[in-house]
Amino acid sequence: VAKFYGKFKKKLELSADLLKNEFLKNPDILTVARTSNIIGDGLSIEQIWPTNNPEEKEYGPVKVIRVDEDYLTALNIKLKEGRNFSRSFNDSTSFILNEKAVEALELQDPINKSLTNHIMNKRGNIIGVIKNYNFESLHHQIEPLVLEYNPQQTTNIFIKIKGDKTIKTVDFIRAKIKEISPGTLFSYSFLDEKISRLYQKESNMGSVLFAFTTLGIIISCLGLLGLIAYTSEMRTKEIGIRKIIGASIKNLVSLLSKDILLLVLIGNSIAWPLSWYLINKWLDNFAYKISIPWWIFGSSMLMTLSIALFTVIWHCLKTALANPVNSLRNE
């Protein structure tokens, strides 16, 4: 995404084709599109209502983006019906709506219906309907959106380039800007990075939770190892006697581990509802969210049992394999 300021912005307004034609000379640039707003930006909120409104019903405001004819192609936005903006038609007063806008304006068979922008005092026809897409972060529900064909009121350019030619193509763009308008302030960003920044808070929280979870597992394993060592030490005489009267190693491991594993199961029964509640509270921050499947908790239980069982067996085998005579003598 490229953004322009100052005198070059003014030149761009006067010649809508200038930059696009120059950029498309590079075979590594696939599409060039112009837009007033980037995904994640705050959009203009305007009153665009059906022109034929005999009951003078008031509709809610809709969000508006000014674009050119290549905007849908650059972002791979699918048309549900109608057509895209085109220079073959007089589309200066045309609109494309998303499904939410059609629903909000209560339009039946919206193609060729007339709309009036009461803020800009502009009237035009609907030429297409696009499928709903997220133009804000997933914290927000998809809202009614109107695309207006107006390249002259855009300051952002989407440039789709070949993935393996990024650095080379950016250098070409920078050089071309310098050639056309020396001294122009030119800034650019990658759309995937901008979208990623919309979820920076969640990304940071994930890193912190991962670090604390890893630390918690290590501390738990150390505590479990200490508990087993203490239990084994306290029952050394009992283990020795049981071995003398014929108890197998399997029996001894079972004897020492069942109480520990019971504590792990109790811990899981406490952690499950608490985790489910906290995760759902966090997911409430998103307009679109997944449901938490039961197997997540089942797999976490199997993981904790496996860690506990491995720790128990390792220490129990060490105690069970000891010479019972030495155990009894020490006691």
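Up top is the structure these notes are about.
So what about the overall build of the chain? Which residues, and what values?
When helices and strands are counted, the chain shows 11 helices and 12 strands. For the chain, whose C-alpha radius of gyration is 33 Å, the value lies well above the compact-globule estimate of 20 Å for 331 residues. By principal-axis analysis of the C-alpha atoms, the chain measures approximately 100 × 55 × 30 Å. Classification of the 331 residues of the chain by burial places 38% in the buried group. By sequence separation, contacts in the chain at least 24 residues apart represent 76% of the contacts at least 6 residues apart. Of the roughly 19500 Å² that the chain leaves accessible, carbon and sulfur atoms contribute 59%.

Could you give an account of a nonpolar patch on the surface, naming the residues involved and the relevant values?
On the surface, Leu-227, Leu-262, Leu-263, Leu-265, Ile-266 and Ile-270 cluster together to form a nonpolar patch covering roughly 540 Å² of accessible area. For the nonpolar patch, the element with the highest residue contribution is helix H9 (residues 249–283), accounting for five residues. Its location among the elements puts Ile-270 in helix H9. For Ile-270, a relative accessible area of 56% puts it in the exposed group.

Can you lay out the environment of Leu-198 for me, pointing to particular residues and giving the numbers?
Relative to the assigned elements, Leu-198 resides in the loop between helix H6 (191–197) and helix H7 (200–234). On the basis of relative accessible area, Leu-198 is assigned to the partly exposed category, the value being 25%. In this view, Leu-198 contacts Gly-40, Ser-137 and His-139; residues no more than four positions away in its chain are not counted.

Residue-level account of the packing of aromatic side chains, with values.
Under the defined criterion, the tally for this structure stands at seven aromatic pairs. Taken together, a centroid distance of 6.0 Å and an interplanar angle of 70° make the contact between Tyr-133 and Phe-135 edge-to-face. On the accessibility criterion, Tyr-133 (13% relative accessible area) is buried. What makes Phe-135 buried here is its relative accessible area of 4%. Centroid distance Trp-282 to Phe-286: 5.4 Å. Interplanar angle 75°. Geometry classified as edge-to-face. Over the ring of Phe-89 we find Arg-83; its NZ or CZ atom is 4.0 Å from the centre of that ring.

Just give me the short version of the packing of helix H8 (residues 236–244) against H9, but keep the residues and values in it.
Closest axis-to-axis distance for the H8/H9 pair is 10 Å, and the angle between their directions is 150°. Considering their axes alone, H8 and H9 lie roughly antiparallel with respect to each other. Every pair of crossing elements has a handedness; the one defined by H8 and H9 is right-handed. Of the residues in H9, those touching H8 at Glu-238, Ile-239, Arg-242 and Lys-243 are Leu-252, Leu-255 and Leu-256. Taken together, the residues of the contact of H8 with H9 sort by class into four nonpolar, no polar and three charged.

What counts as what
- Per-chain numbering applies: the sequence of each chain, read as written, is numbered from 1 onward.
- Local features in a predicted model are, by the rule used here, given only for residues with pLDDT of at least 70; side-chain atom pairs are given and counted only at 80 or more, and totals for whole chains, interfaces and linings are based on all residues.
- Remark: hydrogens and water are excluded; side-chain values derive from all non-hydrogen atoms of the structure.
- Secondary structure follows DSSP: runs of H or I at least 4 residues long count as helices, runs of E at least 2 residues long count as strands, and numbering of each begins at the N terminus.
- Here the globule rule reads 2.2 Å times residues to the power 0.38, and the radius of gyration is calculated from C-alpha atoms.
- The cut-offs for exposure are 20% and 50% of the maximum accessible area for each residue type, with area from a 1.4 Å probe on protein chains only; residues under the lower value are buried, those over the upper are exposed, and the others partly exposed.
- The contact criterion used is simple: two residues touch if any of their non-hydrogen atoms lie within 4.5 Å.
- To measure how exposed things are, a 1.4 Å probe is used in the Shrake-Rupley method; for residues, cover is taken only from the protein chains shown.
- The residues that make up patches have over 30% relative accessible area and no salt bridge, and they are joined within 9 Å when like-charged or within 5 Å when they are Val, Leu, Ile, Met, Phe, Trp or Tyr.
- The rule for a salt bridge is simple: a side-chain nitrogen of Lys or Arg has to be within 4 Å of a carboxyl oxygen of Asp or Glu.
- Stacked, tilted and edge-to-face are the three classes assigned to paired rings of Phe, Tyr and Trp, where Trp is represented by its six-membered ring and a pair needs centres within 6.5 Å; plane angles under 30 degrees give stacked, over 60 edge-to-face, the rest tilted.
- Only lysine NZ and arginine CZ atoms are considered, and such an atom sits over a ring when it is within 6 Å of the ring centre and within 35 degrees of the ring normal.
- Lines fitted to the C-alpha atoms define the axes, with helices restricted to the stretch that makes contact. Angles between their N-to-C directions range from 0 to 180 degrees.
- Throughout this description, any angle smaller than 35 degrees is read as roughly parallel, any larger than 145 degrees as roughly antiparallel, any in the 65 to 115 degree range as roughly perpendicular, and the remainder as oblique.
- Two helices that cross are described as forming a left-handed crossing if the nearer one is turned anticlockwise from the farther one by less than a right angle, and a right-handed crossing if clockwise.
- Residue classes follow a fixed rule: Ala, Val, Leu, Ile, Met, Phe, Trp, Tyr, Cys and Pro count as nonpolar, while Asp, Glu, Lys and Arg count as charged, and any other residue, Gly among them, counts as polar.

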